[in-house]
Structures are given as C-alpha cells and as structure tokens.
Amino acid sequence: MKQGLLCMVLFGLVSCRPSTAIDIVDKPIVFDETRKQLTLEYLEQRYGLEQETPTITPKMIVLHWTVFPTLKASFEAFEQPTLPNWRPDIESVSGLNVSAQFLVDQDGTIYRLLPETTMARHVIGLNHCAIGIENVGGTNDMPLTQAQLESNIRLVQYLASKYPIDYLIGHYEYTHFEHHDLWLEKDAGYRTKKTDPGKEFLTKVRTATKSFNFKPVPEQNKSL
C-alpha cells in the first residue's frame, strides 16, 4: 500500500500533512562587543551567573507589546546596545538596552532580532531563561491585531516544539515568579508595573497552544 494511502487509512488526511512551516525574517539588532559585555555583566550582577557566552536555556516564553505605533520605531528602540536616555527608570540597574528575540509587526510578519538562545533584556528576574516576543502596538489607538495573534500562536508552537518550554506568560505576570526557582533577580526593589500583552490576547494564545501542556503560572504572593 502506498504511503499516502496508508496515511489516509490510519490517520486521515489532516494528520498526515506536514506541519505548516513558520516564516521568520531575520532583522538583527546590533550585537557587538559592547552589547555582549553588558549582557554578560547583567547575567553576573543581576543573577549571579558567570558565563563566557551570553546564552540562555529557554524554559519560558514571555509575550509583550511595544506601545510604539510602527515597526520602525519599535525596532529602533531595541537596536542599539545601550539604553536610550529616555529610560532613566531602569538605567541605574544596567546600561544594557532592552530587546527581545522576536518582534511581530501589525501585519503578522515575524522578525527575529537575536538568536533564540542569546539573552535579551525584556523581563525582570527571568531573562536568563526566557524568550521574548514583542508585538508592535498595544495602545488604544493601535491595539494588537488578529494577524499578530495568529503569528504569536505559530511562533509559540514553533518554539515549544524546539525547546523544553515550561511556561507561557504575559509580561504582566512576571512577578508571580518571585519565589520560584527560576527567579534570580537580586534586587528586591527592582520591579516595574506591566500590563502587556493584555489578558485577552494572552488567553487566546494559551487556548490555541494548550496541547503543549504548559505549567500553570504560580499564584501571586499576597504579601508582595
């Protein structure tokens, strides 16, 4: 019996089709010696991790929004190695610029800004184990789109199939990990309040990727 017919008999046409390939456009931010050294310093000073390379072992995916209205503005915010002068709120902690491994435009195009296992500064306490997905927009005037939702779902599926991902979280949930084994931030006063990527958006991504059986987010510590 031919392989195609066997697939039809045993499993049905849908399950025998190959999984849809994900389209990712490489659009690298600057990762020069300055960014490398700042990343290594961040790992050591914030987390106590002394490493020769600024790499991570992904255990978590964190979804974000940029609040910038365009791909160009969002990319430029992450592009340079050092923080711009409009981020004094976090500059005292480290001069390393914020970034993420991925950036998704309003039309759903997925851009890879960094290698997937290179550390990006995008979530307090967890950068050492987290892959970040930023989404252009997120304001009332420019909410996240259906195209972005679909791309986030495909990207999470791709990453969870490739790495041992335990958690899928929204940026606003990061403080739930303060007493978790993955939490390494040394400064008890270094926190920022987040709302991205919105509960509805996150819920839809979680529902569409529930087959991966991600672990539940820890309960928030009520004393914090």
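Scoring rules and cut-offs
- Residues numbered from 1 in each chain as written.
- Predicted model: local features only at pLDDT ≥ 70, side-chain atom pairs only at ≥ 80, totals over all residues.
- Heavy atoms only, no water.
- Helix = DSSP H or I, 4+ residues; strand = E, 2+ residues; numbered from the N terminus.
- Buried < 20%, exposed > 50% of the residue type's maximum accessible area, 1.4 Å probe, protein only.
- Contact = heavy atoms within 4.5 Å.
- Areas by Shrake-Rupley, 256 points an atom, 1.4 Å probe, with all protein chains shown as cover.
- pLDDT = per-residue confidence, 0-100.
- Polar contact = N/O pair within 3.5 Å; in protein donor to acceptor, adjacent residues only side chain to side chain.
- Phe/Tyr/Trp six-rings, centres within 6.5 Å; stacked < 30°, edge-to-face > 60°.
- Core = buried A, V, L, I, M, F, W, Y, C linked by side-chain atoms within 4.5 Å.
- Expected span 1.5 Å × (residues − 1).
- Axes fitted to C-alpha atoms, helices over the stretch in contact; angles between N-to-C directions.
- Parallel < 35°, antiparallel > 145°, perpendicular 65-115°, else oblique.
- Left-handed = near helix turned anticlockwise from the far one by under 90°.

## Details of the overall build of the chain
Link 1 in the chain: A tally of regular secondary structure across the chain gives 7 helices and 6 strands.
Link 2 in the chain: In the chain, the succession of helices and strands from N to C terminus is α-α-β-α-β-α-α-β-β-β-α-β-α.
Link 3 in the chain: Residue burial in the chain is summarised as follows: out of 224 residues, 47% are buried.
Link 4 in the chain: Looking at the chain alone, contacts between residues at least 24 apart form 74% of all its contacts between residues at least 6 apart.
Link 5 in the chain: Roughly 11,800 Å² of accessible area belongs to the chain as shown, and the carbon and sulfur atoms make up 52% of that amount.

## Remarks on the confidence of the model for the chain
Link 1 in the chain: Overall, the predicted model of the chain reaches an average pLDDT of 90, with 86% of residues at or above 70.
Link 2 in the chain: Throughout residues 1-18 the model reports pLDDT below 50, and contacts reaching past four residues in sequence, or to other chains, amount to 7 contacts.

## Considering the side chain of S74
Link 1 in the chain: Here S74 shows up in helix α4 (residues 71-79).
Link 2 in the chain: For S74, a relative accessible area of 0% translates into the label buried.
Link 3 in the chain: In this structure the side chain of S74 is engaged in a polar contact, spanning 2.9 Å, whose partner is the backbone oxygen of T70.

## Some words on the packing of aromatic side chains
Link 1 in the chain: The tally for this structure, following the rule as stated, stands at 4 aromatic pairs.
Link 2 in the chain: Measuring from ring centre to ring centre gives 6.2 Å for Y174 and W183, while their planes differ by 20 degrees; the resulting arrangement is stacked. Note on accessibility: Y174 and W183 belong to one class, buried.
Link 3 in the chain: Seen in terms of ring centroids, F212 and F214 are 5.9 Å apart; in terms of plane orientation they differ by 15 degrees. Their pairing is stacked.
Link 4 in the chain: We classify F214 as buried; its relative accessible area is 18%.

## Some details on the nonpolar core
Link 1 in the chain: Ranked by size, the top nonpolar core spans 45 residues in total, and within it M60, L63, L126 and I133 carry the most contacts.
Link 2 in the chain: Looking at this core, the elements that each hand over two or more residues are α3 (33-47), β2 (60-63), β3 (102-104), β5 (130-135), α6 (146-162), β6 (167-170) and α7 (199-208).
Link 3 in the chain: Among all residues touching L63, those that are not within four sequence positions of it are I133, N152, V156, L168, I169, G170, H171, D196, P197, F201, L202 and V205.

## Considerations on unusual backbone geometry
Link 1 in the chain: The omega torsion of the bond from D196 to P197 falls at 5 degrees, within 30 degrees of zero and hence cis.
Link 2 in the chain: Relative to the helices and strands, P197 resides in the loop between β6 and α7.
Link 3 in the chain: Here the phi dihedral of N213 falls at roughly 55 degrees; this positive angle occurs in a residue that is not glycine.
Link 4 in the chain: A relative accessible area of 65% places N213 in the exposed class.

## Side note on α6
Link 1 in the chain: In this model, α6 (17 residues) spans 25 Å end to end at C-alpha, consistent with the 24 Å of a helix rising 1.5 Å per residue.
Link 2 in the chain: Inspection of α6 places Q148, L149, S151, N152, I153, L155, V156, L159 and A160 among the buried residues, and these make up the whole buried set.
Link 3 in the chain: The secondary structure elements touched by the buried residues of α6 are β2, β3, β4 (110-112), β5, β6 and α7.

## So, the packing of α6 against α7
Link 1 in the chain: In the contact formed by α6 and α7, the axes pass within 9 Å of each other and the chain directions differ by 45 degrees. Between α6 and α7, the angle is such that the two are oblique. The hand of the α6/α7 crossing is right-handed. Seen from α6, the contacting residues are Q148, L149, N152, I153, V156 and Q157; seen from α7, they are F201, K204, V205 and A208.

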